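This is what each chain is made of:
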Amino acid sequence: MKKVLFFVALAFGGSAFAQEPAQEVGKCYKRCVTPDVFQNQDVTVQTKPAYKILKVVPATYETQTERVLVKEASKKLRVIPAVWGTKTVSYTKSVTGASLKVIPATFSNGSQTVEVKPESARWEMSSVPPSECDSADPNDCRYMCYKAIPAEYRTVATKELASDARVESTPGGQTTGTYTVRIVTTPAKVEEVPVPEEYSTIKKTVLVKDAYTTDETIPAVYTTVSKQVLVTKGGTSLKEVDCKLTTYNALPINWNSGSATLTAAAKAIIDQHLMKALNDNPGSKMEIASHTDSKGAKASNQALSERRAKAVADYLIAKGVNPSRLVANGYGETRLKNKCRDGVSCTAAQHAVNRRTEFRIINN
């Protein structure tokens, strides 16, 4: 086997190995692209944040009595009538009005110019577009001119006041008479009489303590998620491999009949053999191969061997080995180590030779 591996290494081409350490006769090497090495790591994730529960505590009240003013103090007024007398008063009995003569207004002709439309301006678009227009549509570019529009005027004929209308007045006359007037000799007066205030007793509900809220903090909820963390970046390398590991090595596990469950003793054997080989060869892959004897149905033996190989791989993954480094194969009764096939008489010891689990380091 050592010679075969050496010749295979030469078959890859001498120039490919020129940059790597020189190989020694009698040793085994593996030229491969080592995968990235990952490690399982638990991460705590907050699935629900902490929050508060608010509770309302109602307001509290009490009944109180109070003496209140229901009618304010005031004053009552008492009227004392006035005392009257008489006097004679002269007055204009009749008046003759003035005689008025109206002289009409006179006018002269005139005119007035009115601005009927003020001066303004507007934008006008040119009919020819600029030569430097970037658009394919000529309507997108135009010269715009802001042009003035002159004011418009209108002359209106008018009449102008020459002399305004006026009145010539001739004064009139008047006659007089007398009448008797009752007059106040003693004015009326008002006396103020005090009116006292009035009170009453009422009941009222007053606020002792206003409504308020209390809060209770509900803690956050977390869950643990397993993720893979890159430990070693893979790459292309030429590594020396224990020659014994390149061939199938026995994993001395005593499986219970028909079972694929690992016992405590089996787990200790895996820790001793497989974990050590994986740790000594970082970046390498390992095949776990499980076999059965020829007793029983072939399909049942194949399924049993696959479950046993998977049980070993699952245990290694649970120990932190990256799944990409493991290949679990069940071969059933297809790789018997002796003649004990169907129809061949064999002893129990001969059949036991075929019931085995093996491992080996494989190329990537």
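The structure displayed is predicted, hence computed values, not measured ones. (Residues numbered from 1 in each chain as written. Predicted model: local features only at pLDDT ≥ 70, side-chain atom pairs only at ≥ 80, totals over all residues. Heavy atoms only, no water.)

Caption draft 1: Spotlight on the nonpolar core. Core analysis: the largest hydrophobic core is formed by 23 residues, its most contacted members being I253, L262, I270, V312 and L316. Contributions of two or more residues to this core are made by α2 (264–280), β20 (285–291), α3 (298–318) and β22 (356–362). The residues contacting I270, other than those within four sequence positions of it, are L251, I253, L262, M275, V312, Y315 and L316. (Core = buried A, V, L, I, M, F, W, Y, C linked by side-chain atoms within 4.5 Å. Buried < 20%, exposed > 50% of the residue type's maximum accessible area, 1.4 Å probe, protein only. Helix = DSSP H or I, 4+ residues; strand = E, 2+ residues; numbered from the N terminus. Contact = heavy atoms within 4.5 Å.)

Caption draft 2: The state of the cysteines, seen in detail. Throughout the structure, instances matching the rule amount to one disulfide. Linked covalently through their sulfurs, C340 and C346 form a disulfide whose S-S length is 2.1 Å. A torsion of -110 degrees about the S-S bond marks the disulfide between C340 and C346 as left-handed. On the basis of relative accessibility, which here comes to 0%, the residue C340 falls in the buried class. For C346, a relative accessible area of 17% translates into the label buried. (Disulfide = S-S within 2.5 Å.)

Caption draft 3: Here's a closer look at the sheet that holds strand β21 (residues 326–332). Strand order in the open sheet made by the four strands is β19-β22-β20-β21, with mixed pairing throughout. Each edge of the sheet is formed by a strand with only one pairing partner; in this case those strands are β19 (249–250) and β21. Of the pairings in the sheet, the one linking β20 to β21 comprises six bridges and is parallel in character. The residue bridging I288 from the neighbouring strand is A328, located in β21. Set on the sheet, α3 makes contact with β20 and β21; between it and β21 the angle comes to about 160 degrees. (Pairing = 2+ DSSP bridges. Axes fitted to C-alpha atoms, helices over the stretch in contact; angles between N-to-C directions.)

Caption draft 4: Representation of the pairing of β22 within the structure. The buried fraction of β22 is high, at six of seven residues. Pairing of β19 with β22 involves two bridges; the strand directions are antiparallel. Paired with A250 across the bridge in β22 is E358. Bridging between β20 and β22 involves seven bridges; their strand directions are antiparallel.

Caption draft 5: Main features of α2. Taking 1.5 Å per residue, 17 residues should reach 24 Å; α2 reaches 24 Å between its end C-alpha atoms and fits that length. Along α2, the helix axis deviates most sharply at D271, where the bend reaches about 30 degrees. Listing the buried residues of α2 in full gives A266, I269, I270, L274, M275, A277 and L278. Buried residues along α2 sit in contact with β20, α3, β21 and β22. (Expected span 1.5 Å × (residues − 1). Bend = angle between axes of the 7 residues up to and from the residue.)

Caption draft 6: Local environment of the confidence of the model for the protein chain. When pLDDT is averaged along the protein chain, the result is 82, and 85% of the positions lie at 70 or above. Taken together, the stretch residues 1–19 has pLDDT below 50 and engages in 13 contacts with residues farther than four places along the chain or on a different chain. (pLDDT = per-residue confidence, 0-100.)

Caption draft 7: Inspection of the side chain of S294 at higher detail. By the element assignment, S294 lies in the loop between β20 and α3. Engagement of the side chain of S294 in a polar contact is seen with the backbone oxygen of C340, the distance being 2.7 Å. Every residue in contact with S294, bar those within four places of it in the chain, is listed here: N301, E333, L336, C340, R341, D342 and H351. (Polar contact = N/O pair within 3.5 Å; in protein donor to acceptor, adjacent residues only side chain to side chain.)

Caption draft 8: Looking closely at the packing of aromatic side chains. Overall, the coordinates contain one aromatic pair when judged by the stated rule. Its guanidinium or amino end placed over the ring of Y199, R67 lies 3.9 Å from that ring's centre, counting from NZ or CZ. For the cation-ring pair, R335 lies above Y331, with the distance from its terminal atom to the ring centre recorded as 3.8 Å. (Phe/Tyr/Trp six-rings, centres within 6.5 Å; stacked < 30°, edge-to-face > 60°. Lys NZ or Arg CZ within 6 Å of the ring centre and 35° of its normal.)

Caption draft 9: Main features of the pattern of salt bridges. For the coordinates displayed, the defined rule picks out nine salt bridges. The salt bridge partner of E192 is K75, with a shortest N-O separation of 2.8 Å. Taken together, the residues E192 in strand β14 (residues 189–195) and K75 in strand β5 (residues 74–80) connect sequence positions 117 residues apart. Accessibility expressed as a relative area gives 53% for K75, which makes it exposed. (Salt bridge = Lys/Arg side-chain N within 4 Å of Asp/Glu carboxyl O.)

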